[in-house]
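Geometric and topological summary
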Amino acid sequence: MGRIAVITDDPGWHGKRLREALATRGHETSFLSLTACRLNVHEDELPVVLPGFEDRLPDGVFVRGVPGGSLEQVILYLDILHALKLLGVPVYNDGHAIERTVDKGMTSFLLKRAGITTPPAWVMRDADMARSIAERELRQGHSLVSKPLFGSQGTGLRRYDSLDDLSGFSDDDGVFYLQRYVHSGDTAHDFRVFVIAGKTVAAMKRCGVTWLNNVHQGAHCEPIHLEDLRLCHLAEEAVRALDMNYAGVDIIRDEHGRDAILEVNSIPAWKGLQGVTDLSIADRLVDDFLSHPALMAAHSRHAQ
Ligand SMILES: Nc1ncnc2c1ncn2[C@@H]1O[C@H](COP(=O)(O)OP(=O)(O)O)[C@@H](O)[C@H]1O
Ligand SMILES: [Mg+2]
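Anyway, here's the lowdown on the structure attached to this text. Just so you know, these numbers come straight off a predicted model, no measurement behind them.

This next bit is on the site of ligand 1. In the vicinity of ligand 1 there are 21 residues, among which Ser152, Gln179, Val182, Asn213 and Glu263 approach most closely. Grouping the constituent residues of the shell around ligand 1 by class yields 9 nonpolar, 8 polar and 4 charged. Residues from two domains meet in the shell around ligand 1; each of domain 2 (101-117 + 184-266) and domain 3 (121-180) gives at least three.

See the structure below:
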């Protein structure tokens, strides 16, 4: 039996599904928090110590949650993921994929650089510069969204439709991330496309109560057919450009039918999406995770 570490501070619904999928395939799951892990530069112990894995590194690590914290704390969490990978442990998604996408500024930059459609965005410290960019955009008739660089689930976003709205203009944690607002038509909606191993496995339309279409903000989910190839291809291109094992890709379609990537999630929730698809997303994730050569080798070693 292989021993898998699922990294999370709150196993919940997703942890349960992952544990069941891993157990069906002969692997044992341990849930642990990155806050309890350490690097160890000493001969007597393993170089990375995870709770419950003091004698032997896990056969694989599935990352379901990276806690927030100070810069030093977050760097330590990422160091642990990087170190595990360097030691030959499959890490899903790995620390680099998480770094590239947890940061909305880097995601926007990398998508644009790869020629993938994403709304214009600006990231900076300077408040005067941010305000003058916002004023220019608003005068040109665009609306703008500001977002926390490391935000999720639709929290902390603000929308600016007129110069008057700028009275509440401020940074988030000392950084401005501004993105041009995309009108999706009369009723607010966007799309969540779930990509595993380079291929779309499920997708849904999310219809928000407000302009925020996150499930966490009360959006309701509708299934969509994967025959919408344009949507799938765009999501798959983004995941390839960001070099990820799997991802939840947020895509918005404007009033003229043009698609753009809003953001890419390296630790996406899939409870809402599971409600509109028959396929088991946890099974698909675990099958792909276990197809890593080191995990296949571990499985046959333990089976002997
Ligand atoms: N540029 C934008 N134009 C239109 N709607 C947006 C834009 N950016 C974000 N939104 C809305 O806000 C939601 C949350 O934004 P997103 O960038 O995905 O951040 P989060 O990490 O909080 O999910 C999106 O799902 C979408 O409904
Ligand atoms: Mg999102």
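Let us now look at the environment of Ala127. Mapped onto the elements of the fold, Ala127 is located in helix 5 (residues 127-139). Sequence-wise, Ala127 and Gly174 are 47 residues apart; in three dimensions their C-alpha atoms are separated by 9.0 Å.

Next up on the list: the environment of Ala203. In this fold, Ala203 is placed in strand 12 (residues 199-207). Since 24 C-beta atoms lie within 10 Å of it, Ala203 is described here as buried. Note: C-alpha distance between Ala203 and His225 (22 residues apart in sequence) is 7.3 Å. Look past the residues within four positions of Ala203 in its chain and what remains in contact with it is Phe191, Arg192, Val193, Phe194, Ile224, Leu226, Leu231 and Cys232.

Further remarks concern unusual backbone geometry. Across the junction of Tyr92 and Asn93, the peptide omega takes the value -25°, indicating a cis bond. By the secondary structure assignment, Asn93 is in the loop between strand 6 (91-92) and helix 3 (95-102).

Our focus in this paragraph is the packing of helix 1 (residues 12-24) against helix 8 (residues 281-290). Where helix 1 meets helix 8, the axes come as close as 9 Å, and the angle between the chain directions of the two elements is 55°. In this view, helix 1 runs oblique relative to helix 8, as classed from their interaxial angle. At the point where helix 1 passes helix 8, the crossing takes the right-handed sense. Residues Arg17, Leu18, Ala21 and Leu22 of helix 1 form the contact with helix 8, whose own contacting residues are Ala282, Asp283 and Val286. For the contact of helix 1 with helix 8, the per-class residue count stands at 5 nonpolar, no polar and 2 charged.

Residues of helix 4 (residues 104-113) that are buried: Lys104, Thr107, Ser108 and Leu111. Along helix 4, the residues classed as buried sweep out an arc of 95° about the axis, all on the same side. Backbone geometry just after helix 4 places Gly115 at a positive phi near 75°.

To continue, consider the nonpolar core. Core analysis: the biggest nonpolar cluster contains 61 residues, and Val63, Val193, Ala235, Val249 and Ile251 have the highest contact counts within it. If you tally residues by element for this core, the top one is helix 6 (residues 229-242), at 7 residues. Each of domain 1 (2-93 + 285-303) and domain 2 (101-117 + 184-266) gives at least three residues to this core. With residues near it in sequence (within four places) discarded, Val193 still touches Thr200, Ala203, Leu231, Cys232, Ala235, Val249 and Ile251.

How each quantity is defined
Residues numbered from 1 in each chain as written. Chains lettered and ligands numbered in written order. Predicted model: local features only at pLDDT ≥ 70, side-chain atom pairs only at ≥ 80, totals over all residues. Near = placed C-beta within 6 Å. Nonpolar A, V, L, I, M, F, W, Y, C, P; charged D, E, K, R; others polar. Domains from an automatic or database assignment. Helix = DSSP H or I, 4+ residues; strand = E, 2+ residues; numbered from the N terminus. Buried ≥ 20, exposed ≤ 12 C-beta atoms within 10 Å, placed from the backbone. Contact = placed C-beta atoms within 7 Å. Axes fitted to C-alpha atoms, helices over the stretch in contact; angles between N-to-C directions. Parallel < 35°, antiparallel > 145°, perpendicular 65-115°, else oblique. Left-handed = near helix turned anticlockwise from the far one by under 90°. Arc of directions from axis to C-beta. Core = buried A, V, L, I, M, F, W, Y, C linked by C-beta atoms within 7 Å.

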